[in-house]
Amino acid sequence: MLVPKHALPRRTILRGMGATIGLPFLEAMLPAFSARGRAAAPIHRFQTFYVPNGMAMEYWTPKGEGAGFELSPILEPLAAYRDQMLVLSGIKASWNYIHAGASGSFLTGTPRGGKTEIEIFADVSMDQLLARHFASDTQVASLEMSMDAPANAGACTGNLSCVYTHTLSWRSATQPLPMEWNPRAVFERLFGDSGSTDKTAREARLRQHKSILDSVADKLASLKRDLGPGDQSKVNEYADAIRDVERRIARAEEQQDIQLPTIDQPQGAPAVFEDHLALMLDLQLLAFQSDLTRVISFMIGKEQSARPYPQIGVPEAHHPLSHHNDIPELIAQMSKINRYHTQLFSKYLARLRETPDGDGSLLDHTIILYGAGISNSQRHSGDNLPLMLVGGGSGRLKGGRHLKYTDKPMMANLLMTLMDKMDVPVDHVGGSTGKLPIDALAGI
């Protein structure tokens, strides 16, 4: 092993890394597909809107199938979007182990997970497969957001790690991604610490980033000469990250004339749930509107969320209430939470529909997967998951229908189909065995 002639000041390395990693548009390096030949292709966006602790299924499931279905009490707040709703019944969770399997397999389609608190694995999640594809087209490959602070240690469900209940996104089979709950951190990742989305502030931030990158690149070139092979490999990876940031800055310069609503940098997470949620959804809308990212995963609540909702007459904690012992009065109370979530979701859909995008709206060019990884919460059931797709999918998604599957297809097969709808076909997602037909079913 080669030893440097001079001891390398650790502070210098950390300062260089800090300047780079702290850039709002830096993502971990992900393999990107070539963008050649796709210039004329429609822009696709994908979002997950996850709700925790299962569903009051009696109040969720629509009556009737096909185009003639009746909206259920929980779905009624979405009546204005009926033509762009595809409700799916009869789909089975790929991995069903109380709350861990619910969120752990929702986007990964993994058929199994760990068995102990420190055994943590799943599979690459669908959103991260898409992030790899879009990484060369956007400044931020994907956003992972939640209304709850992440927990990356300890056991939260059975004897399994809290990681399973606190995220949907997995970069690899052993690398879960934390969900960001602080709107200030999300803002800085999207727009830097310039304090505002104002164009002048963004331009100043870009100039500063370019100067930092030039300085860091020069330092790395001189350092490599005195390092051993192992350290040189690490420096090469670091240099690759710098080049990726340079690419993202070039992309940002191309987009700097985009007119955005002026929003000041949030100071943190508001104490009131609705205020916090409004900020998080505003940031997601802005990320899509400015084409900073095309992939967002969002949890309105972690699995086992104990959030009460006294503002709608439900002072009981959500998770204990979900274990309702099949008591009708308690199921009715739980349904109020489920309906409140769709009411809040409908407001977000309204914003997407009102925002022009190409020859339509953001909603027209987005596929949103809404639902839960548990159906009957009393039993932690993975059968007949409450799921729906909302949006136009750039013409690839046919809404206004309720499809009911009788053969209990796996959730992983739906994820395979969604990858096709995003024009990013793959051989498999998790434990998928094929694609789920959603364009038509026999007799529908």
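All figures in this text were calculated on a predicted structure; none of them were measured in a lab.

**A look at the sheet that holds strand β13 (residues 366-371)**
The strand order β3-β8-β1-β13-β14-β2-β15 describes an open sheet built from seven strands, whose pairing is mixed. Of all strands in the sheet, those bounded by a partner on one side alone are β3 (143-146) and β15 (401-404). The mean inter-strand angle of the sheet, taken between neighbouring strand axes irrespective of direction, is 15 degrees. With four bridges connecting them, strand β2 (residues 85-89) and strand β14 (residues 387-390) associate as antiparallel partners. Bridge assignment links Met85 to a residue of β14, and that residue is Val390.

**Observations regarding the nonpolar core**
Formed by 51 residues in total, the largest nonpolar core has its most connected members in Phe298, Ile300, Phe345, Leu349, Leu352 and Met388. With nine residues, the top contributor of residues to this core is helix α9 (residues 273-289). Apart from the residues lying within four places of it in its own chain, the contact partners of Leu349 are Leu78, Tyr81, Leu363, Ile368 and Val390. Counting 38 residues, the second largest nonpolar core, distinct from the first, contains Ile374, Leu385, Leu387 and Met419.

**A closer look at the environment of Val51**
Mapped onto the fold, Val51 is located in the loop between β1 (45-50) and α2 (57-60). Placed 249 residues apart in sequence, Val51 and Ile300 show a C-alpha to C-alpha distance of 5.7 Å.

**Looking at the packing of aromatic side chains**
The full count for this structure, using the stated rule, is ten aromatic pairs. Here Phe49 and Phe345 contribute two aromatic rings whose centre-to-centre distance is 4.7 Å and whose plane-to-plane angle is 50 degrees, an arrangement assigned as tilted. Here Phe345 lies in helix α11 (residues 328-354) and Phe49 lies in strand β1, a separation of 296 residues in the sequence. A residue is classified by how much of its surface remains accessible, and Phe49, at 0% relative accessible area, is buried. Classification of Phe345 as buried rests on a relative accessible area of 0%.

**Details of the environment of Pro356**
When you line up the elements, Pro356 lands in strand β11 (residues 356-357). Assessed through its relative accessible area of 67%, Pro356 is described here as exposed. Between the C-alpha atoms of Pro356 and Gln289, which are 67 residues apart in sequence, the distance is 8.5 Å.

Criteria and thresholds
- Residues numbered from 1 in each chain as written.
- Predicted model: local features only at pLDDT ≥ 70, side-chain atom pairs only at ≥ 80, totals over all residues.
- Heavy atoms only, no water.
- Pairing = 2+ DSSP bridges.
- Helix = DSSP H or I, 4+ residues; strand = E, 2+ residues; numbered from the N terminus.
- Axes fitted to C-alpha atoms, helices over the stretch in contact; angles between N-to-C directions.
- Core = buried A, V, L, I, M, F, W, Y, C linked by side-chain atoms within 4.5 Å.
- Buried < 20%, exposed > 50% of the residue type's maximum accessible area, 1.4 Å probe, protein only.
- Contact = heavy atoms within 4.5 Å.
- Phe/Tyr/Trp six-rings, centres within 6.5 Å; stacked < 30°, edge-to-face > 60°.

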